[in-house]
Amino acid sequence: MSKQSPLHFHRMKDMPSTHLLGTGTPTCAGCGGLETLHTIYDILGEKTVFVNAAGCMTLLSVYPFTPFRGGWLYTSMASAPAGAQGVRDALDILLQKKKLSPDENVEVVVITGDGAAYGMGMSATSGAMDRNLDFIYLCYDNEGYGNTGQQYSPATPHAARTSTSRGSHGYPGYKKDLFAIWAAHNPAYVATVIAAEPLDLAKKIEKIKGMSGPRMLISLAPCPTGWDYDPQLSVEIGRLAVQTGVWPLKEYSDGEVRHTKVPKRRKPVEEYLQLQGRFRHLFEPQRDAAGIAEIQSRIDAYWERAKVG
Amino acid sequence: MFRIRFHGRGGQGMKTASRILGTAFFNAGYEVQDAPRYGAERRGAPIFAYVRADKSAINERGVIDRPDLVCVADDTLVGMPAAGVVQGMDAHTVLLINSHETAATWQQRLNTEARVLILTATEDVEDRAELPYIGSRCAAAAAALTNVIERETLVAALTEELGHLPADVITQNRDIALRAFDDMKQHAGLVTPGSMPSASDYDRPEWIEMPFDNAAISNLAIHAGATSVLVRTGLWRTMRPVINYPKCSGCAWICSTYCPDGAINVRADGYPEIDYDHCKGCLVCVAQCPPHAIESIPEHVAREQEAEASA
Amino acid sequence: MTRKLLTGNSAAAWGARLAGVDYIPAFPITPQTEIIEDLAAWIDRGEMDARLVTLESEHSMITAAGSAASSGVRAFTATSSQGLLYGMEMVYTVAGWRTPFVMVNVSRGLASPITLESDHNDIMAARDSGFLQIHCATCQEIADGVLIAYRLAEHPEVRVPAIVNLDGFYLSFTREPVDLAEASEASAFVGEYDPENLQFKGNSPLSQAMAVLGGGPYSYFRYEAHLAVQRALSVYDEIIDEFEDRFGRRYDMIDSYRMQDAEYVFVMLGSFSTKARDAVDSLRAAGWKAGLLRPRVFRPFPQQQIRQLLRGRRAVAVIDQNISMGMGGVLHSEFATALYGTTDAPLLASYIGGLGGRDISQQEFFAMADELRQADERGEAPAARLLYTEHELTEMRKLQAIAQAEQAEIQQH
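Cut-offs applied
Residues numbered from 1 in each chain as written. Chains lettered and ligands numbered in written order. Predicted model: local features only at pLDDT ≥ 70, side-chain atom pairs only at ≥ 80, totals over all residues. Heavy atoms only, no water. Helix = DSSP H or I, 4+ residues; strand = E, 2+ residues; numbered from the N terminus. Rg over C-alpha atoms; globule rule 2.2 N^0.38 Å. Areas by Shrake-Rupley, 256 points an atom, 1.4 Å probe, with all protein chains shown as cover. Lys, Arg positive; Asp, Glu negative; His and termini not counted. Charge placed at Lys NZ, Arg CZ, Asp CG, Glu CD. Buried < 20%, exposed > 50% of the residue type's maximum accessible area, 1.4 Å probe, protein only. Contact = heavy atoms within 4.5 Å. Phe/Tyr/Trp six-rings, centres within 6.5 Å; stacked < 30°, edge-to-face > 60°. Lys NZ or Arg CZ within 6 Å of the ring centre and 35° of its normal. Axes fitted to C-alpha atoms, helices over the stretch in contact; angles between N-to-C directions. Parallel < 35°, antiparallel > 145°, perpendicular 65-115°, else oblique. Left-handed = near helix turned anticlockwise from the far one by under 90°. Domains from an automatic or database assignment. Buried area = accessible area lost by both parts, 1.4 Å probe. Salt bridge = Lys/Arg side-chain N within 4 Å of Asp/Glu carboxyl O. Polar contact = N/O pair within 3.5 Å; in protein donor to acceptor, adjacent residues only side chain to side chain. Nonpolar A, V, L, I, M, F, W, Y, C, P; charged D, E, K, R; others polar. Pairing = 2+ DSSP bridges.

With that out of the way, let us pick up the overall build of chain A. Across its full length, chain A carries 10 helices and eight strands. The C-alpha atoms of chain A give a radius of gyration of 19 Å, which matches the 19 Å a tight globule of 309 residues would have. As displayed, chain A offers around 11000 Å² of accessible surface, 52% of which is attributable to carbon and sulfur atoms. Put simply, chain A has 33 plus and 31 minus side-chain charges, and the middle of one group is 2 Å from the middle of the other.

Another point: the overall build of chain B. When helices and strands are tallied, chain B shows nine helices and 11 strands. Dimensions along the principal axes, computed over C-alpha positions, put chain B at roughly 65 × 60 × 40 Å. Sorting the 311 residues of chain B into buried and exposed places 51% on the buried side. Counted over contacts in chain B with a minimum sequence separation of 6, partners at least 24 positions apart contribute 68%. Across chain B, the mean location of the 28 positive side-chain charges is 2 Å away from that of the 40 negative side-chain charges.

Time to look at the packing of aromatic side chains. One pass over the structure, following the stated rule, counts 27 aromatic pairs over all chains. On the numbers, 4.6 Å between centres and 45 degrees between planes, the contact of Phe243(C) with Phe247(C) is tilted. Of the two residues, Phe243(C) and Phe247(C) are both situated in helix α9 (residues 215–247); the distance of four residues between them amounts to about one turn of the helix. There is no split in this pair, since Phe243(C) and Phe247(C) are both buried. Members of the aromatic cluster, joined through ring pairs, are Tyr41(A), Phe50(A), Phe68(A), Trp72(A) and Tyr74(A). Over the face of the ring belonging to Tyr150(C) we find Arg74(C), whose NZ or CZ atom lies 5.6 Å from the ring centre. Here the basic side chain of Arg373(C) rests over the ring of Trp288(C), its NZ or CZ set 3.9 Å away from the ring centre.

Residues and elements named next belong to chain C. Packing of helix α1 (residues 8–18) against helix α2 (residues 33–44) brings their axes to within 8 Å, and their N-to-C directions diverge by 45 degrees. With respect to α2, the axis of α1 lies oblique. Read as a crossing pair, α1 and α2 show a hand that is right-handed. Residues Asn-9, Ser-10, Ala-12, Ala-13, Trp-14, Ala-16 and Arg-17 of α1 touch α2, and the partners they reach there are Glu-34, Ile-35, Asp-38, Leu-39 and Trp-42.

For the rest of this paragraph, the subject is the domain arrangement of chain B. Accessible area lost upon the coming together of the parts serves often as the stated size of an interface. All names here are of chain B. The domain architecture assigned to chain B consists of domain 1 (2–187) and domain 2 (233–305). Taking only C-alpha atoms, the centre of domain 1 and the centre of domain 2 are 33 Å apart. At the junction of the two partners, domain 1 supplies 14 residues and domain 2 supplies eight residues. Each partner contributes to the roughly 970 Å² buried at the junction of domain 1 and domain 2, and carbon and sulfur atoms together form 61% of this total. Summed over the shared surface of domain 1 and domain 2, the result is zero salt bridges. Taken together, the links from domain 1 to domain 2 amount to two residue pairs in polar contact (both at pLDDT 80 or more). Considered class by class, the residues forming the side of domain 1 that touches domain 2 number five nonpolar, two polar and seven charged.

Moving on to the sheet that holds strand β1 (residues 2–9) of chain B. Residue and element names in this part refer to chain B. What the six strands build is an open sheet, ordered β2-β3-β1-β4-β5-β6; its pairing is mixed. Pairing within the sheet leaves two strands with one partner each, and these edge strands are β2 (31–36) and β6 (115–120). With strand direction ignored, the average angle separating the axes of adjacent strands in the sheet is 15 degrees. Pairing between β1 and strand β3 (residues 46–54): eight bridges, direction antiparallel. Its bridge partner lying in β3, Arg-5 is registered against Tyr-50. Relative to the sheet, helix α3 (residues 134–146) contacts β1, β4 (69–72), β5 (94–99) and β6, its axis offset from that of β6 by approximately 135 degrees.

All right, on to helix α8 (residues 234–243) of chain A then. Residues and elements named next belong to chain A. Taking burial as the measure, the 10 residues of α8 include eight buried ones, the bulk of the element. Looking at α8, one finds that the buried residues are Ser-234, Val-235, Ile-237, Gly-238, Arg-239, Leu-240, Ala-241 and Val-242. Positive phi shows up at Gly-245, right after α8, with a value of about 85 degrees.

With that out of the way, let us pick up the interface of chain B and chain A. With 40 residues of chain B at the contact, the number on the chain A side is 42 residues. Buried area between chain B and chain A, both sides added, is near 3400 Å², and the carbon and sulfur share of it is 58%. Put simply, chain B and chain A have 22 residue pairs in polar contact (both at pLDDT 80 or more) between them. Elements with a minimum of two residues in the side of chain B that touches chain A: β7 (221–222), α7 (254–258), β9 (264–266) and α8 (284–288) of chain B. No other element matches the four residues that α7(B) contributes to the side of chain B that touches chain A. Tallied by class, the residues present in the side of chain B that touches chain A amount to 24 nonpolar, 11 polar and five charged.

All names here are of chain C. One open sheet accounts for six strands, arranged β10-β12-β11-β14-β15-β16; its pairing is mixed. Two strands bound the open sheet, and with one partner strand each, they are β10 (254–257) and β16 (385–386). Inspection of the sheet shows β10 paired to strand β12 (residues 290–295) by four bridges, in the antiparallel sense. From the neighbouring strand, Ile-254 faces β12, where its bridge partner is Pro-295. Running over the sheet, helix α11 (residues 303–310) touches β10, β11 (264–267), β12 and β14 (315–320) and is turned about 10 degrees from β10. Contacts from helix α13 (residues 362–378) reach β11, β14, β15 (347–352) and β16, with the element oriented near 130 degrees to β11.

Residues and elements named next belong to chain C. Within the secondary structure, Ala-317 sits in strand β14. Linking Ala-317 and Pro-31, residues 286 residues apart in sequence, is a C-alpha distance of 29 Å. If near-sequence neighbours (up to four positions away) are discounted, Ala-317 is found in contact with Val-265, Phe-266, Val-267, Ala-349, Tyr-351 and Leu-372.

Residue and element names in this part refer to chain A. Mapped onto the elements, Tyr-41 comes out in helix α1 (residues 32–44). Taking the C-alpha atoms as reference points, Tyr-41 and Gly-83, separated by 42 residues in sequence, lie 19 Å from one another. If we ignore the near neighbours within four places in the chain, the residues touching Tyr-41 are Leu-20, Leu-21, Glu-46, Thr-48, Phe-50, Pro-67, Phe-68, Arg-69 and Gly-70. In terms of polar contacts, Tyr-41 uses its side chain to reach the backbone amide nitrogen of Arg-69, at 2.8 Å.

Once that is clear, we can look at unusual backbone geometry. Note the cis peptide between Glu284(A) and Pro285(A), where omega equals -5 degrees. Here Pro285(A) lies in the loop between α9 (270–273) and α10 (289–306). Residue Pro113(C) is reached from Ser112(C) by a cis peptide bond, and omega for that bond is 0 degrees. As for its position among the elements, Pro113(C) is in the loop between β5 (102–107) and α6 (121–124).

Bringing the packing of α1(A) against helix α6 (residues 198–209) of chain A into the picture now. All names here are of chain A. The contact between α1 and α6 brings their axes to 10 Å, and the two run at 40 degrees. When the interaxial angle is binned, α1 and α6 end up oblique. Considering the relative orientation of α1 and α6, their crossing is right-handed. Taking contact as the criterion, the partners of Thr-36, Thr-39, Ile-40, Ile-43 and Leu-44 in α1 are, on α6, Leu-201, Ala-202, Ile-205, Glu-206 and Lys-209. The class makeup of the residues in the contact of α1 with α6 is six nonpolar, two polar and two charged.

A few words on the pairing of strand β4 (residues 76–79) of chain C. All names here are of chain C. Of the two faces of β4, both are covered, the one formed by Phe-76 and Ala-78 as well as the one formed by Thr-77 and Thr-79. Bridge analysis of β4 against β5 gives four bridges, and the strand direction is parallel. What sits directly across from Phe-76, in β5, is Val-102.

What follows is the structure, encoded as structure tokens:
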């Protein structure tokens, strides 16, 4: 695979202007997950095999339609990283036996939602990292079981209303720190990304293109359907997730965590929350000041610990 | 048995319509089936729901293929094969369309034996994915056309099905629904129960012996790239983003990068171009364009303008 | 050709080695583990050119086997019992990928209660998955069965994965003499793995295993898989002739023993059938016209051959080492299906035996033959029977006494 300079993406003008991923997929209008995927696909290119777990992206390909120009294999909710293992090992065996030329080699990319990544598929993911599998893992995290109607998942943030947490205070639990869990495996690379910050995303993809081993990405995926907002706000909400510090953009490698885009002055989290129907109960009929303050204090505590920003 | 289909877009409340009508039939002493047709339904994508009602137990199941009444919430769906609005319609069928146009226009356009009625499009909203009250109106109009559901029965059903909404919203729905009910009363009884297929006179199914295909052919695989472009997701769009090129700064393809579907490409001259066959109308581009050079207009208005321009 | 003493597990490993497998996703489970240990040792010593990767579960293991085979390499894997069930989602899934590989299942009874010993409920759970099933009665059949399974699974008209089944303990840990084919002969028989049009590589678009919308396409894909599995019946006959020419051993789809003029017939799967052979010999010596019929290939199910072989017999005892709760023996149901409505069909009796490794004695075979004769005289099949003795129940009562099972009953009342 050709390696471009990791400094290729300086400005928006450097972003790809034509897109590889085929249009016509059945994701919802305004899907933050698809937005991430198409950007990543533009940079990784078609010499890829995407190994897909059950989730919203299951329906990317419905026979005889596929948006992919290279490879795609659907597996199951729990075992996409194992599917990637089989594909990668097969490719390596074929390369070694000279039944595949280096030019025909492809990059193996797992794509799953948060339901698979944070829950059902976690042991398969852990196993793939244990085995130092040479692959990229993209989790599009829309903070709930989106394809079944947004029930809460291990990725759902505190207080969010979901179709299984409709009570007056929303989801009582807290979002699991998948970044830390993944980083604890000491894989080659872990990063958080978001499509609303395309340059940060592009730089990270460019960087991992030249690496080997497990390269793990969690993309916060604003979800108009599950989060209940007007689809045109998808990018705005994503950007606010970064600006309020809800979604820290960071990367891990060689035992160190670096923040890649630190908000200069963090905006109050309510700017992010109030745009989304899933948090409306924090503002209507009465403002839940204590509830909002708790969310804010957890964000502040994070950044305090991180000692940046 | 009454067999009634409701066609609309994801978000227009067709499931609610089927539930209101189902409950109304039930409260009027009928055996009932109501169901939405689930699939990969998305906001703006064509969807449908259906109701069966009979005085005796209903054995028929699944999608209604010979409807007595077809209600269409959004007239842009009528001519769309993927929406399946006209499927199974014959001279017995009544087609009720929420439209500004006349029944005669639709009758001619569709060249159909079905009897066409218009549910006069009263509320006009920019974004038809958010047509308010249309579910309630469709249910009420259908109830009137069957002539077996009383006004009070309809109101009770509507109140029951919308009970989770604020009181003022229910009241508004009720008033608007009753207007549709009263409007349609002039055609009361036009929709009549259809018959069951005859076992003595029917078309024999053209069964075949499934041919054996080698795995190379019959495996679950696609050997071509990007065939998804054959799927015209642009049909989901209820609002259309339009680039005002004089205002467009040809900036840095911000719209193209942010478009979730990758439906905006950059032309050779450096300006973006929207692929309307696939733009789902999320309007992220409108929200993100730095010089505000992309405007949104209702899809049906855009199509009317196109039709006028080509005429 | 070398003849040596091998356990059933070693014979399975040798089958994989001789088939020239490239890739072995693995996960340990008793009584299968020796298979992957043998393979790992050969790879470590450089005697075998393959890659073995231990996954973190059977679910992942079967996914990796399927995805590797879908990417152009010959894959092998092995499991048992709870492992097969843990991977069951993927057993069905990868069968639908139409991707050929071989999985050995070492049959072991299913929980609950937990047991390590053998019966066939595990493999019966995979009955409807789309995997081919070859059942072995001896260690020789295991080594040969793996080679045959690859040929069958990879045939262009078949192309579905295959399970080679052997009984835990009775074969897995039991040594028997096995003729091992020469490596060159074996690889000439199995041939190169041809992925046909399923292989991921650059500049070659390929999407696999996607969803369909609607019952029309779904029915097509499912029924084509069924037709492909059925096609394996005729393909098997071709392969088996070639196998015999090359190696001198013949494995008909149905192993029929002294069936020529048999009036009373035992039907069994797997290694316990050799016990039935002995019983047939003894019964013959005592003047009975007894025979044995053992399907080697269980999926596809050789219905036509079974009808032919059983036509005009007096009575048949189907001995199931499995139990479908609320119904009875699975093999009995399948034979009843095959024979229903055919002319000259024999009476069919159902016996459940050998659950959780429970032995079946020669005397029990003789008594079953006797029940068959009585049933024939009455003209009516006997009620289904569990092979279980008074002594066994007495022993069971002793265990219950220690467990104070009666105490619990008294407290309830």
